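# Commentary on secondary and tertiary structure
Letter by letter, the chains look like this.
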Amino acid sequence: MADKKIPKATARRLPLYYRYLRFLHEAGKERVSSAKLSEAVKVDSATIRRDFSYFGALGKRGYGYDVEALMNFFSKTLNQDRLTNVALIGVGNLGQALLNYNFRRNNNIRISAGFDVKDDLIGTIHQGVPIYDINEMVDQLEMQQIDVAILTVPSEIAQEMADKLVKGGVRGIMNFTPIRVTVPKEVRVHNVDLTNELQTLIYFINYYQDFDQNAEPEEDDNPLNDLFYND
């Protein structure tokens, strides 16, 4: 992916393809057609073929796709062979839920450090993850060479924490706060607003069912796309 810029929508689907290919490989499957892949991941065949076309010839007409070869290709593309350590900023209710989860189904991602302001959390270990004083964050990020962080702090300090993350060398932030933080252009922010996403789901249920229960809105025509993908 570093060698060729692809559309953001395609980039978002790559982990989905990879996870299903890994499932097929673990089940002993040797090949899969675009139609079967489409049925499993709920993405139409034409979109899958277009997504794959950005990476060259990945399949053969009449044969489909070699599961192991395609899985290994996307593993390399998504840096699945490299462990990524992630910092968790804010160990409240959501933060602790993320620590309990800690991406256990992925061998290449793990939360390796947590940061908070509460004395009863600082210096403790939760689910194998040490919790540091928020004032140590910049130094620890640099020392541990962490360049990805999850932000789950109160809204009023979200920008301050984002500034510290940038100072500590972080290049990617998953922001669970409702605040849209400002960062330098070289830092990537993915905003995840659970309230907005739930409201969007309710909107689709109510609005689109009134017109056609079987119809799905096209991604490009979705009036609420920005609620899901605020970059």
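Residues numbered from 1 in each chain as written. Predicted model: local features only at pLDDT ≥ 70, side-chain atom pairs only at ≥ 80, totals over all residues. Heavy atoms only, no water.

### Observations regarding the overall build of the chain
Note the cut-off: Only DSSP runs of H or I reaching four residues or more are called helices, and only runs of E reaching two or more are called strands; each is numbered from the N terminus. Relative accessibility decides the category of a residue: with a 1.4 Å probe and only protein chains considered, values under 20% of the type maximum give buried, values over 50% give exposed, and everything between is partly exposed. Between two residues, a contact is recorded if the distance between any of their heavy atoms is within 4.5 Å. With residues, only the protein chains shown are counted as cover, and all accessible areas are computed by Shrake-Rupley using a 1.4 Å probe.
The helix and strand tally for the chain stands at nine helices and nine strands. Counting all 231 residues of the chain, 39% fall into the buried class. By sequence separation, contacts in the chain at least 24 residues apart represent 56% of the contacts at least 6 residues apart. For the chain, the accessible surface area stands at approximately 14,200 Å², while carbon and sulfur atoms represent 49% of it.

### Notes on the UniProt feature "DNA-binding region" (unreviewed entry) in the chain
Just so we agree on the cut-off: UniProt positions are given in the numbering used here, feature names are shortened, and annotations may be inferred rather than shown by experiment.
The sites that UniProt annotates as "DNA-binding region" (unreviewed entry) are residues 16–55. Structurally, residues 16–55 is divided into 70% helix and 5% strand, and its ends, taken at the C-alpha atoms, are 16 Å apart.

### Overview of unusual backbone geometry
Positive phi, normally seen in glycine, also occurs at Q127, with a value near 50°. Along the chain, Q127 falls in the loop between β5 (125–126) and β6 (129–133). Classification of Q127 as partly exposed rests on a relative accessible area of 47%. Even without being a glycine, Q145 presents a positive backbone phi close to 55°. Position of Q145 among the secondary structure elements: in the loop between α6 (137–144) and β7 (148–151). Of the residues examined, Q145 reaches a relative accessible area of 71% and is grouped as exposed.

### Digging into the nonpolar core
Side chains of nonpolar character tend, in soluble globular proteins, to be buried together. Inclusion rule: The criterion is simple. A nonpolar core is a set of buried Ala, Val, Leu, Ile, Met, Phe, Trp, Tyr and Cys residues joined through side-chain atoms within 4.5 Å.
The biggest cluster of nonpolar side chains holds 21 residues, and the ones touching the most others in it are I89, F115, M137, L141, L151, L165 and I173. At the level of secondary structure, the elements contributing two or more residues to this core comprise β3 (84–89), β4 (109–116), α6, β7 and α7 (158–167). By residue number, the principal contributor to this core is α7, which donates four residues. In this structure, I89 is in contact with F115, I134, M137, A149, I150, L151, T152, V153, M161 and L165, ignoring residues within four places of it in sequence.

### What to know about a nonpolar patch on the surface
Under the convention used in this document: Patches were defined on residues exceeding 30% relative accessible area and lacking a salt bridge, with like-charge contacts within 9 Å and nonpolar side-chain contacts (Val, Leu, Ile, Met, Phe, Trp, Tyr) within 5 Å. Think of a salt bridge as a Lys or Arg side-chain nitrogen and an Asp or Glu carboxyl oxygen that are within 4 Å of each other.
Taken together, the side chains of L198, L201, I202 and I205 present a nonpolar region at the surface, about 360 Å² in accessible area. For I205, a relative accessible area of 40% gives the class partly exposed.

### Comments concerning the environment of F176
As for its placement among the helices and strands, F176 is situated in the loop between β8 (172–175) and β9 (188–191). Aside from chain neighbours lying at most four places away, what touches F176 is L94, L98, I150, L151, T152 and V192.

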